[in-house]
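Each chain, letter by letter, is given below.
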Amino acid sequence: MENIRNFQELWFVLILVLFIGYSLLDGFDLGVGALMPFISKTRQEKDILMNSIGPVWDGNEVWLVTGGGALFAAFPHAYATAFSGFYLAMMLVLFALIFRAVSIEFRAQDQAGAAIWEKSFFAGSTAAALLFGVALGNVVYGVPLDNKMEFTGNFFTLLRPVPLLFGITGFTAILLQGASYAVMKTEGELLKRSFRAVSILVWVNLITAIVYFLTIAFTFRDITSNWLFYMAVLWTVLWLSSIFFSVKHKNESSPFWESSFSFIGLWLAVAAVHFPNLIKASNDQNLSITIYNSSTGLQTLKLMSVIALIGMPVVIAYTIFVYRVFKGKAKSSERY
Amino acid sequence: MSALLLARIQFAVTVGFHFLFPAMTLGTALIILISETIYLIKKDETFKKITDFLVRLLGLIFVMGAATGIVMEFSFGTNWSGYSRAVGDVFGPILAAEGVIAFFLESVFLGVLIFAREKVSPKVYWLSALLVFAGGHLSAFWIVVANSWMQTPAGYAINEAGRINLISFTDAVSNPSTNIRFYHTVIASWITGAVMAAGIAGYYVRKGLHGQTARTMLKISIILFAITPLLQLATGHIHAIEVINMQPEKAAAFEGHFSTAKGVPLYLVGFVDEQNEKTYGIYAPKGLSFLYDFDWNSEIKGLKDFPKENWPPVNFVFQVYHIMAGIGILLIALGLLGAYLLWTEKIYENKLYLFALPFMIPLPHIAHETGWISAEVGRQPWIIYKLMKTADAASVVVSAGEITFSLLMFFLIYLLLAVMFVKLFIKIVQEGPAA
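Residues numbered from 1 in each chain as written. Chains lettered and ligands numbered in written order. Predicted model: local features only at pLDDT ≥ 70, side-chain atom pairs only at ≥ 80, totals over all residues.

A few points about the overall build of chain B
Right, so step 1: Scanning chain B from N- to C-terminus turns up 13 helices and eight strands.
Right, so step 2: Its C-alpha atoms give chain B a radius of gyration of 23 Å, within 12% of the compact-globule value 22 Å for 435 residues.
Right, so step 3: By principal-axis analysis of the C-alpha atoms, chain B measures approximately 65 × 50 × 40 Å.
Right, so step 4: Taking all 435 residues of chain B together, 56% fall into the buried category.
Right, so step 5: Pairs at least 24 residues apart make up 75% of the contacts formed inside chain B by residues separated by at least 6 positions. (Helix = DSSP H or I, 4+ residues; strand = E, 2+ residues; numbered from the N terminus. Rg over C-alpha atoms; globule rule 2.2 N^0.38 Å. Buried ≥ 20, exposed ≤ 12 C-beta atoms within 10 Å, placed from the backbone. Contact = placed C-beta atoms within 7 Å.)

This is the structure we're talking about:
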């Protein structure tokens, strides 16, 4: 038999890439949604923010759909255990994403009810942005599993301090994505407020990131001998720090890239501490769901590799093309 | 109620609601592509106005489909984890392929259609219309592949551990029912779009609104309305033969046919007495046998050839199937009538037909929903035909209480979405195309 382990490890990396892609791209539009009440005041300013994400949010969400599909195809047990085990939390994610999505369209079409849809857009974006990190924190920190790979905890199992810390860290990173995207896409007063949001959020992110890294170091003692972990810490802190200079020099495009790079550092720490686990068992390490005991067969993994390695570069190419079409500052009336 | 039954109801409600929107999306994308193609060639502003108007509608329709569609992908894991664990090898790559090959294409270029008319050249805009059309139809292809594999599985083997392994992806994708189900589903969507556009244009023409734009839109949509139900008759016929061959107990349930026989009748309307295993109604003698292979006396297998525990609910399947077929025939008649009126140029003055058009909009929806229900309930008790029972597929850790909560939430949220959708749909229609 050809070495299936290579493909299992490849798919750990590819799914990580899909989730990183999702967190950076949908991260900025969820972030814009969660920040909207704080950085925009007038109807026109809200229009500008909505238009800045309007053409692209849906394509961004496809990264989640594809990441979920890839997890299903490569590691069905991890997909099945997490989605059924975290049932109520997953339902909340769905409700949040539904409201986030329809609110954008309903607000654009329904002038009378716009204020309500702005609120539900904010609520949906915020809830989704918070919940993803909590879910990730749980699979990394560990949840109780039985010998059939089924989750044996309940809803409150998910709300332990370490997973909640992951949630807050992810949330602040998403807020920074949103604020720095707003800096790139807006002008005038809105730009000033977005810059202000970035400068506050950099501090917040520095604090949450350091607490996050320290917690990881103390929770998973083995990690202190892993070079990737130190790289991740250094990487995130460096890119966050460089945002200070970009803000100082009123550079409108680099904060978004710096925020994105620092976010990747948070993910690399997860990769370093989590590999080869997919869902860690908190009750007995031997019950953990890993890439080796939960994957599909070699045939499927090979097929998926072909689809991903040919398909994704094409997707990325036309996505870049379309982002270039919408390059520059967003206006208040671009639609229709 | 048991967790299993609740999970099934939740899936039926969420997928049934979801499917309304992709069906409209595909049909609308087709008309947009036609209209934009003519605009590119003839540079006639009328067609640009039609495109722009339909793109606005598509924006609303698409977001409903996307928002309710993500629920479906999650649901395999949340509610059907037993299924997901068993079929990841075959079913997973199909869903992943749908994301990579189709969803990205459709979503990314829809952004261009909605927001970038002035930002890109007419050719790039036309190309975006083509790619949205292609992305939508590729999505339909992959999800139909997924469904067809559950109906007529192929390209797999079962290993010692009882798990389904992929042997040939090509065989899994081109399983015996993929092709015909794809055509049948896509044409159902085209009918849905054609009747929707005809309903809107008919309303405008009757009210004397939007002049030439409305008349041109009516013309395009009536031509499609005349052709597509006829095409659907052909695909429906071939699909029915496929079901008789590949899933005979489902086909037998469609017609309430119990004992294997020659010269089997075709029911127009009827009722199945499941207890006494008898079917009553108005029928064409030997009709089913004739349609099967154009031989009045061909033999059709009856339900009694199969163990009773593997029968679907016969009368229910019979009824939904006949609703679909009945509406299909009605749509053929209505479409041909429209074509006749268009041909004789009476359509623009025929108040009665124009008045009736908007009321036809729900008909294709009822037909495609009942069609899907007959295909899915007709497959019961199997989730994968003859391979895995629905009862073995549900998530074991999700309680009835949890599903009751989520089902209630879905019901309320989808009710709100439905109300908003109808309200905003009507609002966009009332604003109409640009003058």
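Next comes the rest of the description.
So, the overall build of chain A
Right, so step 1: Within chain A, the regular secondary structure consists of 11 helices and two strands.
Right, so step 2: Starting at the N terminus and ending at the C terminus, chain A contains elements arranged as α-α-α-α-α-α-α-α-α-α-β-β-α.
Right, so step 3: Counting only C-alpha atoms, chain A reaches 60 × 40 × 35 Å along its principal axes.
Right, so step 4: For chain A, the proportion of its 336 residues judged to be buried stands at 58%.

What to know about the interface of chain B and chain A
Right, so step 1: Across the boundary between the two partners, chain B contributes 57 residues, which contact 55 residues of chain A.
Right, so step 2: Mapped onto the side of chain B that touches chain A, the elements with two or more residues apiece are α2 (45-78), α3 (81-115), β2 (164-166) and α13 (400-431) of chain B.
Right, so step 3: Considering every element that reaches the side of chain B that touches chain A, the biggest residue donor is α3(B), with 23 residues.
Right, so step 4: Taken together, the residues of the side of chain B that touches chain A sort by class into 35 nonpolar, 13 polar and nine charged. (Nonpolar A, V, L, I, M, F, W, Y, C, P; charged D, E, K, R; others polar.)

With respect to the packing of helix α1 (residues 4-39) of chain A against helix α11 (residues 298-325) of chain A
The description of two packed helices rests on the angle between their axes and on the distance between the axes.
Residues and elements named next belong to chain A.
Right, so step 1: Across the interface, α1 lies against α11 with an axial gap of 10 Å and an inter-helix angle of 45 degrees. Here α11 runs oblique to α1, going by the angle between their axes. Considering only the axes of α1 and α11, their crossing is left-handed. Facing α1, whose interface residues are I4, F7, Q8, L10, W11 and L14, α11 presents L298, L301, K302, S305 and A308. (Axes fitted to C-alpha atoms, helices over the stretch in contact; angles between N-to-C directions. Parallel < 35°, antiparallel > 145°, perpendicular 65-115°, else oblique. Left-handed = near helix turned anticlockwise from the far one by under 90°.)

Examining α11(A)
Right, so step 1: In a regular helix each residue adds 1.5 Å, so 28 residues correspond to 40 Å; α11(A) covers 40 Å between its end C-alpha atoms and thus fits that length.
Right, so step 2: Residues T300(A), L301(A), L303(A), M304(A), A308(A), V315(A), T319(A) and V322(A) constitute the buried set of α11(A).
Right, so step 3: Contacts made by the buried residues of α11(A) are with α1 and α3 (57-74) of chain A together with α3, β2 and α5 (169-173) of chain B. (Expected span 1.5 Å × (residues − 1).)

What to know about the pairing of strand β5 (residues 278-284) of chain B
All names here are of chain B.
Right, so step 1: Where strand β4 (residues 266-273) meets β5, seven bridges bridge the pair, whose relative direction is antiparallel. Opposite G270, over in β5, you have G281 as the bridge partner.
Right, so step 2: In this structure, the hairpin formed by β4 and β5 is closed by a connection of four residues, where E277 is found at a positive phi of approximately 55 degrees. (Pairing = 2+ DSSP bridges.)

Considerations on unusual backbone geometry
Right, so step 1: For the peptide bond that leads from F275(A) to P276(A), omega is 0 degrees, which places it in the cis range.
Right, so step 2: With respect to the helices and strands, P276(A) occurs in the loop between α10 (254-274) and β1 (277-279).
Right, so step 3: Going from Q380(B) to P381(B), the amide bond is cis rather than trans, its omega being 5 degrees.
Right, so step 4: Relative to the helices and strands, P381(B) resides in the loop between α12 (362-377) and β7 (382-384).
Right, so step 5: You will see that K286(B), though not glycine, has its phi angle at about 60 degrees, which is positive.

Details of the packing of helix α6 (residues 114-141) of chain A against helix α7 (residues 161-185) of chain A
Residues and elements named next belong to chain A.
Right, so step 1: The interhelical angle for the contact between α6 and α7, taken along N-to-C directions, is 140 degrees, at an axis separation of 7 Å. By the angle between their axes, α6 is oblique relative to α7. Here the hand of the crossing between α6 and α7 comes out right-handed. On α7, the residues that touch A129, L130, F132, G133, V134, L136, G137, N138, V140 and Y141 of α6 are V162, P163, L164, L165, F166, G167, T169, G170, F171 and I174.

Points about helix α11 (residues 351-360) of chain B
Residues and elements named next belong to chain B.
Right, so step 1: Residues Y353, L354, L357 and M360 constitute the buried set of α11. Taken around the axis of α11, the buried residues stretch over an arc of 110 degrees, which confines them to a single face. Those residues of α11 that are exposed and angled more than 90 degrees off the buried face are K351, L352, F355 and F359.
Right, so step 2: Where α11 is buried, its residues meet α6 (178-207), α10 (314-343) and α12. (Arc of directions from axis to C-beta.)

Description of the confidence of the model for chain B
Residues and elements named next belong to chain B.
Right, so step 1: Here chain B shows a mean pLDDT of 94. Residues at 70 or above account for 100%.
Right, so step 2: When the elements of chain B are averaged for pLDDT, helix α9 (residues 287-293) gives the smallest value, 88, and α6 the largest, 97.
Right, so step 3: Interface confidence for the predicted complex, expressed as ipTM, amounts to 0.92; the pTM equals 0.94. (pLDDT = per-residue confidence, 0-100.)

So, the environment of V270(A)
Residues and elements named next belong to chain A.
Right, so step 1: Mapped onto the secondary structure, V270 falls in helix α10.
Right, so step 2: Residue class for V270 comes out buried when judged on the 20 C-beta atoms lying within 10 Å of it.
Right, so step 3: In this structure the C-alpha to C-alpha distance between V270 and F229, which are 41 residues apart in sequence, comes to 8.5 Å.
Right, so step 4: Non-local contacts of V270, meaning those with residues more than four positions away in its chain, are made with L136 and V140.

Structural notes on the environment of I243(A)
Residues and elements named next belong to chain A.
Right, so step 1: Along the chain, I243 turns up in helix α9 (residues 227-248).
Right, so step 2: Distance in space between the C-alpha atoms of I243 and E258 is 6.3 Å, their sequence separation being 15 residues.
Right, so step 3: Contacts of I243, omitting those with residues within four sequence positions, involve V198, V202, P255, E258 and S259.

A word on the environment of V233(A)
Right, so step 1: Following the sequence through the fold, V233(A) ends up in helix α9.
Right, so step 2: Sequence separation between V233(A) and L214(A) is 19 residues; the distance between their C-alpha atoms is 9.6 Å.

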